[in-house]
Amino acid sequence: NRGNEARHVALEALTKKSVSYIRDKAVDEGFLETSRSICSSPNLDSIIERGITDAAAMVDSSALIQYVNIEGSYNELERFVRSILDDASKCRIAIRSDDVCDIIKSCITAVKMNQGSTIPFVLPVQLQALSLKIDWRKGESRLSQPALESKYLLRLLYGLYFYVEEPTSPFVIDPRDLPLKESLELADTLVYDVAVFKSELACLIEQVAPEVSSQISMSPIDDTALALGVEPSSPQSRRRAQCERLSDVIREVRRDMMRDTSGSIAEKSFVLASLELSLSDLIVTAARALLGSPTMPLPFMTYSGLCRDPLVLFKAPLQVWRNSGLRRIALYTLSCLLQANRSIVVSTAFTEEVASELLVCRDTLVVKCLITAAIGGGTGKDSLSPFTDSTLIAMVRGMVAKNVGLIAQLAKEGRNEAIMDWLIQFVPESMQDAESLAALLSERSSLTCAEKLEVAAASLSIAIVHGGQNESLAKALAYASLSRLVSSFFLVVGPVGVPVNALDDEGGKDLTETCRNAAFRILGALQNVRARRTGLQNECGISLQKLANLCKSESMLAGVSGPAANMRKKLLKDIYDAAVKAANAMGTSIKL
């Protein structure tokens, strides 16, 4: 009965304190061993008969761990953990114990060592089904279910422990299929005064999904329950209704773009849904609605699959990028998936260097796609007008800041002047790649002369526009770029005595045309150098003087006539005029 159980609990606590006192005071070891033999028993049932019940172990669980360590009765430990995780009322009590984390971890470790079993007694499908019963809404209208929520959190803790202990088992959970962010917030609300459980759960989630910790909002969110017009019901049906509602709104906007040209309706629905749905449900619902056809069944996707392949979002039709509201939904979804994908790449790569290279390549592709959408282009139905989106700019700036070498990678690819111009205009963080760009311009670089000249054009523009952050570094980068222009002069004007456009690369591209375009981009960028930047101005003036002297000496070359010579003289005159114009804009002059 309850009276006896309470007496047993008190007796057990008193016994433990006595044993601790004996140990601390160094009382006769023979007496201590006698006490241990009296307390020891071949099974837990005999202990229960003498006064230790499951309830007693839940009040002070360390007694159970000590007993298991003495007797080696791991089956009893597993039975005890099962009895807790299967009973929501017991979970509500156990979650407040400082020893519950140690008991669950000891159970998994002990069963593995003694039975070699890799099958957990909390399966992924059971944990996912339990998560669907939780009301994940935020605010005062949220349905509180402390017993059920405690059961879910303890089972989640068990699943995460098993995932860390047996990562190759086919029965481990996929952490990103569960609402981890919301689970941490739930633990902070449910057991706000139990630091041991909260810190252990946070450490496990940080270990298996590091991106979650940065997604947690520390500010409270106002209660906006039923904002989407969903009637209160069970958590499962409410979740399903919210997902369907959000999906229908996005698809309706895509079906009739004139109905919501700015996408404000879809964006409002997305923001309100974020208060009701877990992050994984929100991302999957948005991705399915953006990628699927407005008139066909939605494609099947999982959050885990999207985290492993976030670039699938670029398969979204152009109408998504034309609509500002849908575009912001797509960018938020992409940002969350890229963050999760970064954690996956870092944890699965063989070395940090490999992970860094993979992430730079991935982000380079993402930045190119985003900027290509921003600058627009195309004709007819496939056209996309240029737009300026602060969300897109902030996302690109963040990716450039995280990945040193990304700008250099884009510049090295060449033939993307529009992309580089956009980066120079909106991304001041591009200056952090100055050393990488200078390395590409060095003689030891594997790039061809034409490719180096294209890199020089981009590098000089970056040094002029954003070099104020570090004048010495900007001056060095400008010197490397202008030296490359002077040394490539004869590639720009072409060989003597033959048509100007005479050199082709392996792909059939006209190298002289490529070099000429890069040269005029450099001369055009020099017009933006201001007089207050004396060091950079002097460096540019010296290079312009060298270039003007080369133009004059080549134009006076005798013995060459015909159309090719006329074309050559005209090109030399254009280069000379551009150099004079740049010198005048800087406040200097070219001496004849």
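Predicted model only: the values in this text are computed from it and were never measured.

Colleague: Please clarify how the overall build of the protein should be interpreted in this entry.
Modeller: Within the protein, the regular secondary structure consists of 29 helices and 0 strands. Across the 592 residues of the protein, 47% fall into the buried class. When the accessible area of the protein is evaluated, it comes to approximately 28500 Å², of which 55% is carbon and sulfur surface.

Colleague: Explain the side chain of Ser304 to me, please; I cannot follow it from the model alone.
Modeller: Relative to the elements of secondary structure, Ser304 occurs in helix H16 (residues 303-308). Residue classification places Ser304 among the buried residues on the basis of a relative accessible area of 7%. At 2.5 Å, the side chain of Ser304 forms a polar contact with the side chain of Asp174. Look past the residues within four positions of Ser304 in its chain and what remains in contact with it is Asp174 and Asp177.

Colleague: Hey, could you run me through the nonpolar core in this one?
Modeller: Most often, soluble globular proteins have nonpolar side chains that are buried together. Counting residues in each nonpolar core, the largest one holds 112 residues, and the members touching the most others are Leu370, Val396, Trp422, Leu423, Ile522, Leu526 and Leu544. Not counting the four nearest positions on each side in its chain, Leu370 is found in contact with Phe314, Trp321, Leu331, Leu334, Leu392, Met395 and Val396. Core analysis: the second largest hydrophobic core is formed by 47 residues, Cys107, Phe121, Trp136 and Tyr152 among them.

Colleague: Would you mind showing me how to read the packing of helix H14 (residues 264-276) against helix H18 (residues 324-348) here?
Modeller: The description of two helices packed together rests on the angle between their axes and the distance between the axes. Axis separation between H14 and H18 bottoms out at 7 Å; the angle between their running directions is 35 degrees. On H18, the residues that touch Ala266, Glu267 and Phe270 of H14 are Gly325, Leu326, Arg328, Ile329, Tyr332 and Thr333.

Colleague: Just checking my understanding: could you explain the pattern of salt bridges for this structure?
Modeller: Where charged atoms from two side chains of opposite charge approach closely, those side chains can pair. Counted according to the given criterion, the structure contains 16 salt bridges. In this structure, Lys198 and Asp188 form a salt bridge, with 3.3 Å as the shortest nitrogen-oxygen distance. Residue Lys198 is located in helix H12 (residues 195-208), and its partner Asp188 is located in helix H11 (residues 180-190); the two are separated by 10 residues in the primary sequence. Looking at Asp188, the relative accessible area reads 45%, which means it is partly exposed. When the shortest N-O distance is used, the salt bridge between Asp577 and Lys573 registers 2.9 Å. Here the residue Asp577 and the residue Lys573 both occupy positions in helix H29 (residues 563-586), the gap between them amounting to 4 residues, near one helical turn. Overall, Asp577 belongs to the partly exposed group, its relative accessible area being 34%. Via salt bridges that share partners, Lys181, Glu182 and Glu185 belong to a single interconnected network.

Colleague: Before we go on, may I ask you to explain helix H10 (residues 146-165) in this structure?
Modeller: An α-helical segment advances 3.6 residues per turn. Residues three or four places apart therefore align on the same side. When the terminal C-alpha atoms of H10 are compared, their 28 Å separation across 20 residues agrees well with the 28 Å that a helix rising 1.5 Å per residue should span. Counting buried positions over the 20 residues of H10 gives 14, a clear majority of the element.

Colleague: What am I meant to see in the confidence of the model for the protein here?
Modeller: Detailed reading of the predicted coordinates is not advisable wherever pLDDT is low. In the predicted model, the protein carries a mean pLDDT of 78, and the fraction of residues at 70 or more is 76%. Across residues 21-53, where pLDDT falls below 50, the model places 34 contacts with residues more than four positions away in sequence or in other chains. Confidence over residues 217-232 falls short of pLDDT 50; this stretch has 28 contacts with residues more than four positions distant or in other chains.

Colleague: Quick question: what am I supposed to make of the environment of Ala129 here?
Modeller: Within the secondary structure layout, Ala129 lies in helix H9 (residues 124-131). Ala129 sits in the partly exposed class, given a relative accessible area of 37%. For the pair Ala129 and Tyr152, spaced 23 residues apart in sequence, the C-alpha separation works out to 9.8 Å.

Colleague: Sorry, what's going on with H18 here?
Modeller: Between its first and last C-alpha, H18 extends 36 Å over 25 residues, near the 36 Å set by a 1.5 Å rise per residue. A side-chain oxygen of the first residue of H18 lies 3.1 Å from the backbone nitrogen of Gly325; this N-cap is Asn323.

Colleague: Got a minute to help me understand the packing of aromatic side chains in this structure?
Modeller: What characterises a pair of aromatic rings is the spacing of the ring centres plus the angle enclosed by the ring planes. All told, the structure shown has 5 aromatic pairs when counted by the stated rule. Relative to Tyr158, the ring of Phe121 lies with its centre 4.6 Å away and its plane at 35 degrees, an arrangement referred to as tilted. With Phe121 in the loop between helix H8 (100-115) and H9 and Tyr158 in helix H10, this residue pair connects regions lying 37 residues apart in the sequence. Taken together, a centroid distance of 6.3 Å and an interplanar angle of 15 degrees make the contact between Phe314 and Trp321 stacked.

Colleague: Looking at this structure, how should I read the environment of Thr348?
Modeller: Here Thr348 lies in helix H18. Accessibility expressed as a relative area gives 57% for Thr348, which makes it exposed. A polar contact is formed between the side chain of Thr348 and the backbone oxygen of Ile344, at a distance of 2.7 Å.

Colleague: When you look at the packing of helix H23 (residues 434-441) against helix H25 (residues 471-487) in this model, what are you seeing that I'm missing?
Modeller: Where H23 meets H25, the axes come as close as 10 Å, and the angle between the chain directions of the two elements is 25 degrees. The pairing of H23 with H25 is recorded here as roughly parallel in orientation. Here the hand of the crossing between H23 and H25 comes out left-handed. Taken together, the residues of H25 that come into contact with H23 (itself represented by Ala434, Glu435, Leu437, Ala438 and Leu441) are Leu473, Leu477, Ala480, Ser481 and Arg484. Considering only residue class, the contact of H23 with H25 consists of 7 nonpolar, 1 polar and 2 charged.

Colleague: I keep staring at the environment of Ala110 and nothing clicks. Help me out?
Modeller: With respect to the element layout, Ala110 can be found in helix H8. Take Ala110: its relative accessible area is 7%, and that puts it in the buried class. Once the C-alpha coordinates of Ala110 and Leu77 are considered, the two residues, 33 residues apart in sequence, prove to be 8.8 Å apart.

Procedures and definitions
- Residues numbered from 1 in each chain as written.
- Predicted model: local features only at pLDDT ≥ 70, side-chain atom pairs only at ≥ 80, totals over all residues.
- Heavy atoms only, no water.
- Helix = DSSP H or I, 4+ residues; strand = E, 2+ residues; numbered from the N terminus.
- Buried < 20%, exposed > 50% of the residue type's maximum accessible area, 1.4 Å probe, protein only.
- Areas by Shrake-Rupley, 256 points an atom, 1.4 Å probe, with all protein chains shown as cover.
- Polar contact = N/O pair within 3.5 Å; in protein donor to acceptor, adjacent residues only side chain to side chain.
- Contact = heavy atoms within 4.5 Å.
- Core = buried A, V, L, I, M, F, W, Y, C linked by side-chain atoms within 4.5 Å.
- Axes fitted to C-alpha atoms, helices over the stretch in contact; angles between N-to-C directions.
- Salt bridge = Lys/Arg side-chain N within 4 Å of Asp/Glu carboxyl O.
- Expected span 1.5 Å × (residues − 1).
- pLDDT = per-residue confidence, 0-100.
- Phe/Tyr/Trp six-rings, centres within 6.5 Å; stacked < 30°, edge-to-face > 60°.
- Parallel < 35°, antiparallel > 145°, perpendicular 65-115°, else oblique.
- Left-handed = near helix turned anticlockwise from the far one by under 90°.
- Nonpolar A, V, L, I, M, F, W, Y, C, P; charged D, E, K, R; others polar.

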